[in-house]
Amino acid sequence: MSRKNTKRILVTGSTGQIGSELTLELRKRYGGDNVIAAGHKRQPSETLLTSGPFEYVDLSNEESIEKAIRKYDVDTIYHLAAVLSATGEENPQAAWAINMGSLYNILEVARKLKLAQIFWPSSIAAFGPSAPRTNTPQETILIPKTMYGVSKVAGELLCNYYFIRFGLDVRGIRYPGIISSEVLPGGGTTDYAVAIFYDAIRSKRYTCFVREDTVLPMMYMPDCIKATIDLMEVDPSKVKRHDSYNVAGMSFSAGELAAEIRKYVPDFRCDYKPDFRQKIADSWPMSIDDSVARNEWGWKPKYDLAAMTKDMIERLSKRFNEGKL
Ligand code: AKB
């Protein structure tokens with residue numbers, strides 16, 4: 001593909017849980033050379049390094065971002081790098097500085113260089129306990145109790161501002177907890193829903209850091225990738241919101257997840273030892289109303305709890321049997 005007839009994309013946080021899989025999917029669609037993986041801390045995988053360019057970008061420095069954009073002639077950014085909720089509560093000052101600082105720098109560079117499109121993820125963490133906890137609507141009270149959530153609400157407003165004030169095409173999704181089999185998440189409250197699979201396969205035991213009856217909205221990675229790329233591909237006339245869209249996949253309790261895993265690992269034992277992350281989980285929605293995303297740009301998830309669990313167990317068992325887990 002030539003530089004002129006396709007998007008030129010930069011993915012920040014490309015070595016993270018979502019970034020690593022999203023980058024590879026974008027490279028499949030747009031060509032390896034047209035998708036630049038940006039990272040900073042985590043070591044990139046061999047696949048990420050060999051399937052297209054990799055660039056160290058310091059997101060706290062506008063010049064570093066601008067240099068990468070100019071070097072690769074980038075017109076679109078998927079800005080995924082962020083400190084998640086649990087790590088954010090351990091160091092709220094760093095969470096604010098990193099999450100807001102990097103988003104502001106990305107938006108400013110995009111404005112100055114007149115980039116075509118920006119994707120930035122918000123989260124269910126934008127909601128707090130004063131929002132309805134079931135079927136949480138698109139438009140409701142946003143008073144989160146975590147610094148991560150505060151940075152998501154502020155980020156939503158900032159993205160919307162850049163659209164209104166500067167005409168920048170920023171699009172976003174409020175991600176639920178994302179479950180995946182390739183790269184582990186780090187520092188989130190919903191991490192238990194991934195870790196439980198690894199421990200079930202490796203040792204048939206898991207100690208869960210939230211109560212058995214804790215229900216949170218979750219989504220399987222293929223749906224997360226689809227939602228993200230679908231939103232970025234849809235005609236601008238269908239995108240009515242530039243803060244962030246609610247998207248739902250499935251909702252289940254930690255106990256229901258353990259029971260589903262037990263269908264494949266019958267002697268799996270899950271214990272529950274809630275820690276500080278319980279309070280965070282209790283302040284978040286249990287299920288999400290995503291009818292606005294469904295109506296405006298045709299969002300529809302594919303995976304439910306049963307289909308996701310089957311696929312996760314198959315993938316992780318294969319890696320375990322090959323000695324790679
Ligand atoms: C977290 O748990 O912090 C994230 C999220 C829901 O945004 N996975």
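Residues numbered from 1 in each chain as written. Predicted model: local features only at pLDDT ≥ 70, side-chain atom pairs only at ≥ 80, totals over all residues. Heavy atoms only, no water.

Comments concerning the overall build of the chain
And step 1. Across its full length, the chain carries 12 helices and 14 strands.
And step 2. The globule rule puts the C-alpha radius of gyration for 325 residues at 20 Å, and the 19 Å found for the chain is close to it.
And step 3. Projected onto the principal axes, the alpha-carbon positions of the chain cover approximately 55 × 45 × 40 Å.
And step 4. The proportion of buried residues among the 325 residues of the chain is 55%.
And step 5. Considering only residue pairs separated by 6 or more positions, the chain has 79% of its internal contacts joining residues 24 or more positions apart.
And step 6. When the accessible area of the chain is evaluated, it comes to approximately 14,000 Å², of which 52% is carbon and sulfur surface.
And step 7. Of note, the chain has its 43 positive side-chain charges centred 2 Å away from the centre of its 40 negative side-chain charges. (Helix = DSSP H or I, 4+ residues; strand = E, 2+ residues; numbered from the N terminus. Rg over C-alpha atoms; globule rule 2.2 N^0.38 Å. Buried < 20%, exposed > 50% of the residue type's maximum accessible area, 1.4 Å probe, protein only. Contact = heavy atoms within 4.5 Å. Areas by Shrake-Rupley, 256 points an atom, 1.4 Å probe, with all protein chains shown as cover. Lys, Arg positive; Asp, Glu negative; His and termini not counted. Charge placed at Lys NZ, Arg CZ, Asp CG, Glu CD.)

Let's talk about the site of the ligand
And step 1. Contacts to the ligand come from L84, S85, S123, I124, Y148, G188, T189, T190 and W284.
And step 2. Within the side chain of S123, a nitrogen or oxygen atom sits 2.7 Å from an oxygen atom of the ligand.
And step 3. The separation between a nitrogen atom of the ligand and a polar side-chain atom of T190 is 2.9 Å.
And step 4. Look at the ligand: alone it shows 250 Å² of surface, and the protein chains cover 93% of it.
And step 5. Split into classes, the residues belonging to the shell around the ligand amount to four nonpolar, five polar and no charged.
And step 6. Shared between two domains, the shell around the ligand takes at least three residues from each, and those domains are domain 1 (3–177 + 220–246) and domain 2 (180–218 + 250–286 + 303–321). (Near = heavy atom within 4 Å. Polar contact = N/O pair within 3.5 Å; in protein donor to acceptor, adjacent residues only side chain to side chain. Nonpolar A, V, L, I, M, F, W, Y, C, P; charged D, E, K, R; others polar. Domains from an automatic or database assignment.)

Some thoughts on the sheet that holds strand β12 (residues 245–246)
And step 1. As summarised here, the arrangement of the three strands in space is β6-β8-β12, forming an open sheet in which the pairing is parallel. Looking along the sheet, the strands with just one partner apiece sit at the ends: β6 (122–123) and β12. (Pairing = 2+ DSSP bridges.)

Focus on helix α5 (residues 92–112)
And step 1. With 21 residues, α5 extends 30 Å between its outermost C-alpha atoms, agreeing within 8% with the 30 Å of an ideal straight helix rising 1.5 Å per residue.
And step 2. Where α5 terminates, the next one or two residues include K114, which has phi positive at roughly 55°. (Expected span 1.5 Å × (residues − 1).)

Notes on the domain arrangement of the chain
And step 1. Domain boundaries in the chain define domain 1 (3–177 + 220–246) and domain 2 (180–218 + 250–286 + 303–321).
And step 2. Using only C-alpha atoms to locate each centre, domain 1 and domain 2 end up separated by 25 Å.
And step 3. For the pair domain 1 and domain 2, the summed buried area comes to about 2,300 Å², and 62% of that belongs to carbon and sulfur atoms.
And step 4. Looking only at domain 1, the three residues that lose the most surface to domain 2 are Q17, R133 and Y220, adding up to 34% of its buried area.
And step 5. Put simply, domain 1 and domain 2 have zero salt bridges between them.
And step 6. Joining domain 1 to domain 2, the criterion identifies 11 residue pairs in polar contact (both at pLDDT 80 or more).
And step 7. Taken together, the elements giving at least two residues each to the side of domain 1 that touches domain 2 come down to α1 (17–30), α4 (85–90) and α8 (221–233).
And step 8. Of all the elements, α4 adds the most residues to the side of domain 1 that touches domain 2, at five residues.
And step 9. Looking at the side of domain 1 that touches domain 2, its residues break down into 10 nonpolar, 11 polar and seven charged. (Buried area = accessible area lost by both parts, 1.4 Å probe. Salt bridge = Lys/Arg side-chain N within 4 Å of Asp/Glu carboxyl O.)

Describing the sheet that holds strand β2 (residues 35–39)
And step 1. Pairing within the open sheet is parallel, and its six strands lie in the order β3-β2-β1-β4-β5-β7. Each end of this open sheet is capped by a strand with a single partner; those strands are β3 (54–56) and β7 (170–171).

Details of the state of the cysteines
Among covalent bonds in proteins, the disulfide is the one between the sulfur atoms of two cysteines.
And step 1. Counted by the stated rule, this structure contains zero disulfides.
And step 2. C224 provides the cysteine sulfur closest to C159, a residue in no disulfide bond, and the two sulfurs are 16 Å apart.
And step 3. Judged by relative accessible area, C224 falls into the buried class, the value being 0%. (Disulfide = S-S within 2.5 Å.)

Points about the packing of helix α7 (residues 192–203) against helix α9 (residues 254–262)
And step 1. It is at 11 Å that the axes of α7 and α9 come closest, and there the two elements cross at 30°. Judged by the angle between their axes, α7 and α9 are roughly parallel. The crossing of α7 and α9 is right-handed. Along its contact with α7, which presents Y192, A193, I196, F197 and A200, the element α9 presents A254, L257, A258 and I261.
And step 2. A class-by-class count of the residues in the contact of α7 with α9 yields nine nonpolar, no polar and no charged. (Axes fitted to C-alpha atoms, helices over the stretch in contact; angles between N-to-C directions. Parallel < 35°, antiparallel > 145°, perpendicular 65-115°, else oblique. Left-handed = near helix turned anticlockwise from the far one by under 90°.)

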